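The residues making up each chain are set out below.
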Amino acid sequence: MLEDIDVRRELWRNTIQLFHQYKRPGFIGPFKAAGFDEYRVEPYVLLSGTGVEKTPDIIASGKNGWLVLELSFDKKSKESTLNFYKQIDPRYLGNYNLPAHDNPPEIVMSRLEDFIPDGPYCKITVKDELKVKDEEYINNLTLRRELKNASGSDLRKLPEIPITLLPEMKSQEIRRGLIELVMQIFNPDSDGKDPVELVDAGLERLSDKINIASKRRLIKNVTDEMDVLMKKEYLSDYLTIDEETSKYKATDKAKQHHKTRMYIVSKLSEWAGIGPQTTLYDIKKHP
Amino acid sequence: MKRTRQGGEIITNQISTLRDLKERLQAGFENNEESLERFGKTYSNQLKAYLIESNNSSPSAVRSPAGTWHKLDSDGWYVNLDDKRPNSLFMDSTRDRVWVIYSIMDAAESDLIIENWIKDTKGIDKCWLSRKHLLHWENMESWQERGLGLRFSDGLAPEDDAANFSLKAWYGATRCLTDLDDVIKKARECFAIYSVRWQKRISGSVTISAEWYSSGKVTINRAVDVDETLISIAEMANRYEDSLKEATKLRDTTMGAFEIDFGQKIDLNAFSEIVTKGTGDMRLWLVETEAQEDFRRFRGIDLHTWDRILLDVGPDFAYLTIPGKGCVNAAPRIAVIQGEDNAGKTSIFHDGVEIFA
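Residues numbered from 1 in each chain as written. Chains lettered and ligands numbered in written order. Predicted model: local features only at pLDDT ≥ 70, side-chain atom pairs only at ≥ 80, totals over all residues.

## Focus on the overall build of chain A
Threshold: Numbering of helices and strands runs from the N terminus; a helix is a DSSP stretch of H or I covering at least four residues, while a strand is a stretch of E covering at least two. Backbone-placed C-beta atoms define the burial measure: a residue is buried with 20 or more other C-beta atoms within 10 Å of its own, exposed with 12 or fewer, and partly exposed in between. Whether two residues are in contact is decided by their C-beta atoms, placed from the backbone, lying within 7 Å.
Check the secondary structure of chain A and you find eight helices and twelve strands. Along the longest, intermediate and shortest principal axes, the C-alpha atoms of chain A span 65 × 40 × 30 Å. Here chain A holds 287 residues, and the buried ones make up 43% of them. Partitioning the intrachain contacts of chain A with sequence separation of at least 6 by distance along the chain shows that 57% fall at a separation of at least 24.

What follows is the structure in structure tokens.
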């Protein structure tokens, strides 16, 4: 079962998927249903008149209007931030190839579990099921209706999103976000990956949008977690670091053999706090 | 181009222009039509084409499957020069993402050479044709479906309990067994199609008879006109390239997953066991990160390209997320292989709209 350590990814995943539709088991996100088809993550915009710079988490736009969505774990109210978003100049939508509008945006605050007094704005929570509150603050009647209709939707089986690392992730979250990046290092043609490359790949499209200080902290945290992975109880026999280039590389012992792969999978699972693979057979005899 | 005649067959000595190639292929078609009329069978090797998904800038970036590539007079066209099998493979690399290799080798030899070449060459893969691709000519004038192959190997089930199914049915202009239509209709709604035989008829005469396979290969069983034949193959290459470009755009501009819907329920435990080892035809090496009774989350590597993938799997569907610039050809590959091995009829969607179609 999904444990609490994946909370940041769950907030992002379950919010982003509200813009999408899946046939099985059957899910239409309310933003998709309301026609807010196109969205951009962390766009840089300015406020009307003052020119104050802002980077909201998501801006979406469709034929019938546009929307600013803020995601947060912060227990403090985001009311003042949301007040600013109301003043974003809609003409910047065109800079992101989004349909332009001349009215102010709809504002939605997304949190994982608890509703916080975030001011006169619509609020949603996305832990396991969609909960909607204060939808009367949405002026777009289609969006208001779709949010209300979608309230109670099961969000537990929605697809992952391509962003696997986020700033402020805790130790175990970082480890899970690194799993497939570490596996790539075992490609026979790979010349290794350094911590910066790991972070850039994990942040994916957010890579050039994260401020330098947050990114540096993340790189440091990734380095710390990789140090643990290279300890004796995990993958010290299979993974090493090239001191000259700071790249993590596979050792000669890492062969392209299914037993080696099973062993690496089991150790990565252990390191990332996932526990044994549900169907993994005895892996004691790893090569 | 020099020509010699051996046993009634015109042999082209050296092919250096696109026209030489077309003449060589046309001669092969004519020889076969002639022998078909006289002896009831063909003797020249039939033309085969393999659609190749490529992430390389040009064929010169990769070795030839046999010998070395030499340019023809026309941009993007190549012929292989080789001590053993010269002038037997031809490459059309005029598209960005889909190359076509034409072969006039014997089928068994040709298939093996191409299979090994794809396996050993970085950045290339087969074009995995969806059901919609294979049925592309269904509503087109002059084209008739003349048979199909269905396959379901139930590869995740223990051998003794496997619900294997395979059917290859060829039918002529008139269906002798009318009841067969119902069986085929039911079967094709449950299982994966791995080949379809198409015939183009003009004024009652066959102008092209071709069998398309889900692995992106086509065998031209009969043909009259080389240009008409090459264009029909290029049509599929164009269609597949359009699908790849559309999927790449979706990968880059949205964070929605590719949804693969299956016609048969799959055994999640068996699936998990195979992908954890990185074995099996799908060549996925994954770590299971979340397990519910009817839903699993995996993340790991597509061993074809060593790109990262995130795969969330339910009993009759899978969500595929491809981070970064990972190759979107993983979507049709998983759909086709998983369909034929384990999952039956398979379709790919994005935001509820069918893609690779």
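## Some details on the domain arrangement of chain A
Residue and element names in this part refer to chain A. Heads up, the condition is: Residue ranges assigned to each domain were obtained from an automatic or database domain assignment.
Segmenting chain A into domains produces domain 1 (4-150) and domain 2 (171-271). Computed from C-alpha atoms alone, the centre-to-centre distance between domain 1 and domain 2 is 33 Å. Residue-level contacts link seven residues of domain 1 with six residues of domain 2.

## A short note on the nonpolar core
We apply this condition: We define a nonpolar core as a collection of buried residues of the types Ala, Val, Leu, Ile, Met, Phe, Trp, Tyr and Cys that are connected via C-beta atoms lying within 7 Å of each other.
Grouped together as the largest cluster of nonpolar side chains are 173 residues, with contacts concentrated most on A:A60, B:L51, B:I101, B:I260, B:L320 and B:A331. Here this core gets nine residues from one element, more than from any other, and that element is helix α5 (residues 226-253) of chain B. Sequence-distant contacts of B:L51, defined by excluding residues within four places in its chain, comprise B:V98, B:V100, B:C127, B:G216, B:M236, B:A237 and B:Y240.

## A word on the domain arrangement of chain B
Taken domain by domain, chain B holds domain 1 (3-126) and domain 2 (250-355). Between domain 1 of chain B and domain 2 of chain B, the C-alpha centre-to-centre distance is 33 Å.

## Let's talk about the packing of helix α5 (residues 171-184) of chain A against helix α7 (residues 212-229) of chain A
All names here are of chain A. We count it as follows: Geometry is summarised by axes, namely lines fitted to C-alpha atoms with helices restricted to the contacting stretch, and by angles between N-to-C directions that run from 0 to 180 degrees. Oblique is the label for any angle not under 35 degrees, not over 145, and not in the 65 to 115 range, which are roughly parallel, roughly antiparallel and roughly perpendicular in turn. As a working rule, the residues Ala, Val, Leu, Ile, Met, Phe, Trp, Tyr, Cys and Pro are called nonpolar, Asp, Glu, Lys and Arg charged, and the rest polar, with Gly in that last group.
The N-to-C vectors of α5 and α7 enclose an angle of 70°; their axes lie 10 Å apart at closest approach. In this view, α5 runs roughly perpendicular relative to α7, as classed from their interaxial angle. Each of S171, I174, R175, L178 and V182 in α5 lies in contact with α7, whose residues at this interface are N221, V222, E225 and L229. Looking at the contact of α5 with α7 residue by residue, the classes come out as five nonpolar, two polar and two charged.

## Concerning the interface of chain A and chain B
Contact residues are listed per partner, giving 37 residues for chain A and 40 residues for chain B. The set of elements that each furnish at least two residues to the side of chain A that touches chain B consists of β1 (21-22), α5 and α8 (258-271) of chain A.

## Details of the environment of B:I15
Residue and element names in this part refer to chain B. Within the secondary structure, I15 sits in the loop between β2 (9-12) and α1 (18-39). By the C-beta count within 10 Å, which is 24 here, I15 ends up buried. Distance in space between the C-alpha atoms of I15 and G76 is 15 Å, their sequence separation being 61 residues.

## Brief notes about the pairing of strand β11 (residues 192-202) of chain B
All names here are of chain B. This is how it is decided: Pairing between two strands is assigned when DSSP locates at least 2 bridges connecting them.
Of all eleven residues making up β11, nine are buried, and the element is well covered by its neighbours. In this structure, strand β9 (residues 143-152) lies alongside β11, joined through eight bridges in antiparallel fashion. Bridge assignment links E145 to a residue of β11, and that residue is W198. Two elements, β11 and strand β12 (residues 205-213), share eight bridges in a ladder whose sense is antiparallel. Across the sheet, residue V196 finds its bridge partner in β12, namely W212.

## Description of the sheet that holds strand β20 (residues 353-355) of chain B
All names here are of chain B. Taken in spatial order, the seven strands make up an open sheet running β15-β16-β17-β18-β14-β19-β20, and their pairing is antiparallel. Taken across any chain shown, the strands that pair with only one partner, and hence form the sheet edges, are β15 (284-292) and β20. Across the sheet, the axes of successive neighbouring strands diverge by a mean angle of 30°, strand direction being ignored. Pairing geometry for strand β14 (residues 258-262) and strand β19 (residues 346-350), over four bridges, is antiparallel. Along β19, the bridge assignment pairs F262 with T346. In the packing of helix α7 (residues 330-343) onto the sheet, the strands contacted are β14, β16 (295-302), β17 (307-314), β18 (317-321) and β19, and the crossing angle to β19 comes to about 150°.

## Side note on helix α4 (residues 141-150) of chain A
Residues and elements named next belong to chain A. To keep things clear, this is the line we draw: In this context, the arc is that of the directions from the helix axis out to the C-beta atoms.
Within α4, the full set of buried residues consists of L143, E146, L147 and A150. Down the axis of α4, the buried side of the element spans an arc of 100°, and every buried residue falls inside it. Along its buried surface, α4 packs onto α2 (30-33), β7 (65-71), β8 (106-111), β9 (122-125) and β10 (131-133). Downstream of α4 by one or two residues, G152 has phi in the positive range, about 95°.

## Some remarks on unusual backbone geometry
Glycine aside, negative phi is the norm for most residues, and most peptide bonds take the trans geometry. Note the cis peptide between A:R24 and A:P25, where omega equals -5°. With respect to the helices and strands, A:P25 occurs in the loop between β1 and β2 (27-28).

## Examining the sheet that holds strand β3 (residues 38-41) of chain A
Residue and element names in this part refer to chain A. With mixed pairing, six strands are arranged side by side in an open sheet as β3-β6-β7-β8-β9-β10. With partners counted over all chains shown, the strands left at the sheet margins are β3 and β10, one partner each. Taking each pair of neighbouring strands and ignoring which way they run, the sheet shows an average axis angle of 20°. Examined bridge by bridge, β3 and strand β6 (residues 58-62) share four bridges and lie antiparallel to one another. Looking at β6, one finds that E38 is bridged to S61. Relative to the sheet, helix α1 (residues 7-16) contacts β7 and β8, its axis offset from that of β7 by approximately 165°.

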